Amino acid sequence: QVQLVESGGGLVQPGGSLRLSCAASGFIFSMYDMVWYRQAPGKQRELVARIRISGSTNYADSVKGRFTISRDNMKNTVYLQMNSLKPEDTGVYYCNAFRGMRDSVAWDWGQGTQVTVSS
C-alpha cells in the first residue's frame, strides 16, 4: 500500500519561510524521481519541483531561486524548502513520484498540505 503523507504547511507572512516534508512508503523510494505539485484556488495543479534519482533538480520558473527540493533516501522523505514566500504561492502542496523516463505521476494523490501566504 503506497502512502504519501505531506506535512509542514501553515499560515506565513509574505517574505517568510516554510519547510514541507513528504513521508513515503510502500515502494522503493530510491528508484523514483520525486516531485512537488501545488494547486492554487481556482487554478490547475502545477509541477513545482522535481528531484531525480541522481539528485539533479528542476523548478518551475515561478519558484526558481526561492524553493529548494531535497531528498533523504534513508528516511524515504522528500522536502521542499520555501523561502521569500509570496501570496501567489498559496495553495495545497502535494508530493508524488515519476518512474524512469516518464513525466507522469506514479501514485494516487495524497491529502496534501495547505500553505497560506498572507499578511
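Remember, predicted model here, so these are calculated numbers, not experimental data.

Could you give an account of the sheet that holds strand β1 (residues 3-7), with specific residues and numbers?
Taken in spatial order, the four strands line up as β1-β3-β8-β7 in an open sheet, and their pairing is antiparallel. Looking at strand neighbours, the two that pair on one side only are β1 and β7 (67-72), the edges of this open sheet. With strand direction ignored, the average angle separating the axes of adjacent strands in the sheet is 15°. Sheet topology places strand β3 (residues 18-25) next to strand β8 (residues 77-82); six bridges connect them, and they run antiparallel.

Tell me about the packing of aromatic side chains, and name the residues and values.
Across all of its chains, the model carries six aromatic pairs by this definition. Between the aromatic rings of Tyr32 and Trp107, the centroid separation amounts to 5.5 Å while the plane-to-plane angle is 45°, which identifies the pairing as tilted. Residue Tyr32 is found in strand β4 (residues 32-39), and its partner Trp107 is found in the loop between β9 (91-99) and β10 (113-117); the two are separated by 75 residues along the sequence. With a centroid separation of 5.1 Å and an interplanar angle of 80°, the aromatic rings of Tyr37 and Trp109 are classed as edge-to-face. Taken as a pair, Tyr37 in strand β4 and Trp109 in the loop between β9 and β10 lie far apart in primary sequence, 72 residues in all. By relative accessible area, Tyr37 is classed as buried at 13%. Assessed through its relative accessible area of 29%, Trp109 is described here as partly exposed. Ring pairs connect the aromatic residues Phe27, Phe29, Tyr32 and Trp107, which therefore count as one cluster.

What counts and what doesn't
Residues numbered from 1 in each chain as written. Predicted model: local features only at pLDDT ≥ 70, side-chain atom pairs only at ≥ 80, totals over all residues. Heavy atoms only, no water. Pairing = 2+ DSSP bridges. Helix = DSSP H or I, 4+ residues; strand = E, 2+ residues; numbered from the N terminus. Axes fitted to C-alpha atoms, helices over the stretch in contact; angles between N-to-C directions. Phe/Tyr/Trp six-rings, centres within 6.5 Å; stacked < 30°, edge-to-face > 60°. Buried < 20%, exposed > 50% of the residue type's maximum accessible area, 1.4 Å probe, protein only.

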